[in-house]
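Chains, contacts and geometry: an overview
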Amino acid sequence: QVQLVESGGGLVQPGGSVELSCVVSGNIFSIGAMAWYRQAPGKQRELVAVITSGGRTNYADSVKGRFTISRDSAKNTVYLQMNSLKPEDTAVYYCNDAVKYYSGSSYSALWGQGTQVTVSS
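Computed from a predicted model, the values in this text were never measured in an experiment.

Here we take up the overall build of the chain. The secondary structure content of the chain amounts to zero helices and eleven strands. Listed N to C, the secondary structure of the chain is β-β-β-β-β-β-β-β-β-β-β in terms of helices and strands. Rg of the C-alpha trace for the chain: 14 Å, near the compact-globule value of 14 Å for 121 residues, within the 12% margin. Overall size of the chain, expressed as C-alpha extent along the three principal axes, is 50 × 25 × 25 Å. For the chain, with 121 residues in total, the buried portion stands at 40%. Sequence-distant contacts in the chain: of pairs separated by 6 or more residues, those separated by 24 or more amount to 56%. About 6400 Å² of surface is accessible on the chain, with carbon and sulfur atoms providing 46% of the total.

As structure tokens, then:
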């Protein structure tokens, strides 16, 4: 069974840093775009950052210059390095990857289970 397994997160002080990781486990053919979303209490889930299979990246305006998304294709893993964290970054962070199960299939979007990041002193 293919699933996304997230790690990282926790309680961080304002101005601090944390790195999230998300690995695709199970048998797949390939991975397309990999992304991170977040959802704060009472708010809709929003896109934080995305990286294409070719390495192109895009960020939400609120995190530009502070967050960096990267991927290790050999490890089927996407990372989110979060620096200069602010209380408003507090949310559950979800990875979202587009995977092909076999060569003739279309991409399917998979979600991780979510990991809590709390920025507070």
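Let's pick the thread back up.
Here the focus is the state of the cysteines. Applying the stated rule across the entire model yields one disulfide. There is a disulfide in this structure between Cys22 and Cys95, and the S-S distance comes to 2.0 Å. Because the torsion about its S-S bond is 50°, the bridge between Cys22 and Cys95 counts as right-handed. Residue Cys22 is found in strand S3 (residues 18–25), and its partner Cys95 is found in strand S9 (residues 91–100); the two are separated by 73 residues along the sequence. The same class applies to Cys22 and to Cys95, which are both buried.

So, how was this worked out
- Residues numbered from 1 in each chain as written.
- Predicted model: local features only at pLDDT ≥ 70, side-chain atom pairs only at ≥ 80, totals over all residues.
- Heavy atoms only, no water.
- Helix = DSSP H or I, 4+ residues; strand = E, 2+ residues; numbered from the N terminus.
- Rg over C-alpha atoms; globule rule 2.2 N^0.38 Å.
- Buried < 20%, exposed > 50% of the residue type's maximum accessible area, 1.4 Å probe, protein only.
- Contact = heavy atoms within 4.5 Å.
- Areas by Shrake-Rupley, 256 points an atom, 1.4 Å probe, with all protein chains shown as cover.
- Disulfide = S-S within 2.5 Å.

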